[in-house]
Amino acid sequence: MSSWHEFIFMGKHGAYVWSSYLMTLIVLLGLFIGFRMMLKSLKQKAQQEAKAPSGERTKARKLKVSPTE
Amino acid sequence: MANAWRWFHQLGSPKYLFQKTGQWLPWIWGATLILLAVGLYYSLWASPIEVRQGQGHTVRIMYVHVPAAALSMIAYIAMAIAATVGLVWKMKMAFAAVRSIAPVGAAMTFLALFTGSVWGKPTWGTWWEWDARMTSELLLLFLYLGYIALHASFSDRSKADKAGAILAIVGVINIPIIYLSVKWWNTLHQGYSVTEEGALDPAFQTPLFLMLGAMYLLFAALVIMRLRAEIILRNQKARWVTEWATGQSTERGDA
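Fair warning: this is a prediction, and the values are worked out from it, not measured in the lab. (Residues numbered from 1 in each chain as written. Chains lettered and ligands numbered in written order. Predicted model: local features only at pLDDT ≥ 70, side-chain atom pairs only at ≥ 80, totals over all residues.)

K.L.:
Any chance you could break down the overall build of chain A for me, citing the residues and the numbers?
P.N.:
Along chain A, the regular secondary structure elements total three helices and zero strands. Along chain A, from the amino end to the carboxyl end, the secondary structure elements read α-α-α. Out of the 69 residues belonging to chain A, those deemed buried represent 17%. (Helix = DSSP H or I, 4+ residues; strand = E, 2+ residues; numbered from the N terminus. Buried ≥ 20, exposed ≤ 12 C-beta atoms within 10 Å, placed from the backbone.)

Put into structure tokens, the structure is as follows:
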């Protein structure tokens, strides 16, 4: 590589080279974020289950109303 | 040997596996990022263009295409091995591993097809050709997606695991077909470059091997991330999961 210009345009093949790398980045980053969110939401779910009193665990999540209302 | 067996049995414990993978993950990510940074520097900047075939800069697509394609096949073999372990030893964590490899393997297969297509246009003059290599690789993508769909179609997880495992094992027949397709049939796709001596100029080997290492590690890191979520998903009722989520326990396992 001799210049920034060459780096960006890749000798007329910039669209091909960069789209390959960009798609790879998007797909892998998507997996990373997706898996992270999955574990996080499972963690939150487990926290809520732990907080709710036993017996009405699934209901308790929906019926969160502040006492002043 | 006895130690190896003990370790194998320990890995079958969801709690142990979750804790261990939590300890490994930062190291794997660290090594991945270092290797990836060096690999990208070489593949996008500090490596020559291809002149003998007149590919020019498009040769740089190889540094993502080859690792993705190699991983698409290795991931499927790993899936089939884990599926066999699951069926033979009735190991639930092996089934969890199969389910965790599938989406990452599917992504690698898609990337191999996508980058191959984008590379094919400037070098072969076509985005797609129904030749043996590409068709069998496309079939591999459908096998991954088929596994995921099959697994999702059962409400009983143990049935889903078994049915999926059988599909994973049967589908492994496609791997030698993909690998040997360039030898068996007269395809548009070129033959072996990495394993054949003298086929790949040493100047292209440095970035390729760096990117292969980086992508293998990245693959491992992503599979482990998915596996950790899968372990929690399958053990939501377990007390150690509650302890992990609420942080009441002193044990580490967070990531």
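K.L.:
Let's hear about the overall build of chain B: which residues, and what values?
P.N.:
The secondary structure content of chain B amounts to nine helices and zero strands. Mapped in sequence order, the helices and strands of chain B form the string α-α-α-α-α-α-α-α-α. If one aligns the C-alpha atoms of chain B with their principal axes, the spans along those axes are about 65 × 35 × 35 Å. Within chain B, buried positions represent 37% of all 255 residues.

K.L.:
How would you sum up the interface of chain B and chain A? Please name residues and give values.
P.N.:
Each partner contributes to the interface: chain B provides 33 residues, whereas chain A provides 25 residues. When contributions to the side of chain B that touches chain A are tallied by element, the ones reaching two or more residues are helix H4 (92-124), helix H8 (202-234) and helix H9 (239-246) of chain B. Looking at the side of chain B that touches chain A element by element, the count peaks at eleven residues for H4 of chain B. Class assignment of the residues belonging to the side of chain B that touches chain A gives a composition of 22 nonpolar, seven polar and four charged. (Contact = placed C-beta atoms within 7 Å. Nonpolar A, V, L, I, M, F, W, Y, C, P; charged D, E, K, R; others polar.)

K.L.:
Before we move on, can you summarise the packing of helix H3 (residues 62-89) of chain B against helix H7 (residues 174-184) of chain B with the specific residues and values?
P.N.:
Residues and elements named next belong to chain B. At a minimum axis separation of 10 Å, H3 and H7 run at an interaxial angle of 160 degrees. On the basis of their axis angle, the class for H3 and H7 is roughly antiparallel. For the crossing formed where H3 meets H7, the hand is left-handed. Only Ile175, Ile178 and Tyr179 of H7 make contact with H3, whose side of the interface consists of Met73, Tyr76 and Ile77. When its residues are assigned to classes, the contact of H3 with H7 shows six nonpolar, no polar and no charged. (Axes fitted to C-alpha atoms, helices over the stretch in contact; angles between N-to-C directions. Parallel < 35°, antiparallel > 145°, perpendicular 65-115°, else oblique. Left-handed = near helix turned anticlockwise from the far one by under 90°.)

K.L.:
So what about unusual backbone geometry? Which residues, and what values?
P.N.:
Excluding glycine, residues mostly have negative phi values, and the peptide bonds linking residues are mostly trans. Of note, the phi angle at Lys12 of chain A is positive, near 75 degrees, even though the residue is not glycine. Along the polypeptide, Lys12 of chain A turns up in the loop between helix H1 (4-9) and helix H2 (14-51). Residues other than glycine seldom take positive phi values, yet Lys90 of chain B does so here, at roughly 50 degrees. Along the chain, Lys90 of chain B turns up in the loop between H3 and H4. With 13 C-beta atoms packed within 10 Å, Lys90 of chain B lands in the partly exposed category.

K.L.:
Break down the nonpolar core for me, with residues and values.
P.N.:
Counting residues in hydrophobic clusters, the biggest one holds 72 residues, and the most contacted among them are Met79, Val98, Ile101, Val104, Met108, Phe219 and Leu222 of chain B. Elements supplying a minimum of two residues to this core: H2 of chain A together with H3, H4, helix H5 (132-152), helix H6 (157-171), H8 and H9 of chain B. With 18 residues, the top contributor of residues to this core is H4 of chain B. Not counting residues up to four positions away in its chain, the partners in contact with Leu222 of chain B are Leu31, Phe32 and Phe35 of chain A together with Val104 of chain B. (Core = buried A, V, L, I, M, F, W, Y, C linked by C-beta atoms within 7 Å.)

K.L.:
Let's hear about the environment of Gly171 of chain B: which residues, and what values?
P.N.:
Here Gly171 of chain B is to be found in helix H6. The sequence separation of Gly171 of chain B and Thr206 of chain B amounts to 35 residues, and the corresponding C-alpha distance is 33 Å.

K.L.:
Explain the packing of H3 of chain B against H8 of chain B to me, and be specific about the residues and the numbers.
P.N.:
Helix-helix packing: each pair is described by the crossing angle between the helix axes and the interaxial distance. Residues and elements named next belong to chain B. Their axes nearest at 9 Å, the elements H3 and H8 cross at an angle of 45 degrees. The orientation of H3 relative to H8 falls into the category oblique. Seen from above, H3 lies across H8 with right-handed handedness. Across from Met62, Tyr63, Val64, Val66, Pro67, Ala68, Ala70, Leu71 and Ala75 in H3, the residues of H8 making contact are Pro207, Leu208, Met211, Leu212, Met215, Tyr216 and Phe219. Classifying every residue of the contact of H3 with H8 gives 16 nonpolar, no polar and no charged.

K.L.:
Can you lay out the confidence of the model for chain A for me, pointing to particular residues and giving the numbers?
P.N.:
Averaged over all residues, the pLDDT of chain A equals 82, while 75% of them reach at least 70. Per-element averaging of pLDDT across chain A places helix H3 (residues 57-62) of chain A at the bottom with 50 and H2 of chain A at the top with 95. (pLDDT = per-residue confidence, 0-100.)

K.L.:
Run through the environment of Phe35 of chain A, naming residues and quoting values.
P.N.:
With respect to the secondary-structure elements, Phe35 of chain A resides in helix H2. C-beta crowding within 10 Å serves as the criterion here: with 23 such atoms nearby, Phe35 of chain A is assigned to the buried category. The sequence separation of Phe35 of chain A and Ala52 of chain A amounts to 17 residues, and the corresponding C-alpha distance is 26 Å. In contact with Phe35 of chain A, other than residues within four places in its own chain, are Leu222, Met225, Arg226 and Ala229 of chain B.

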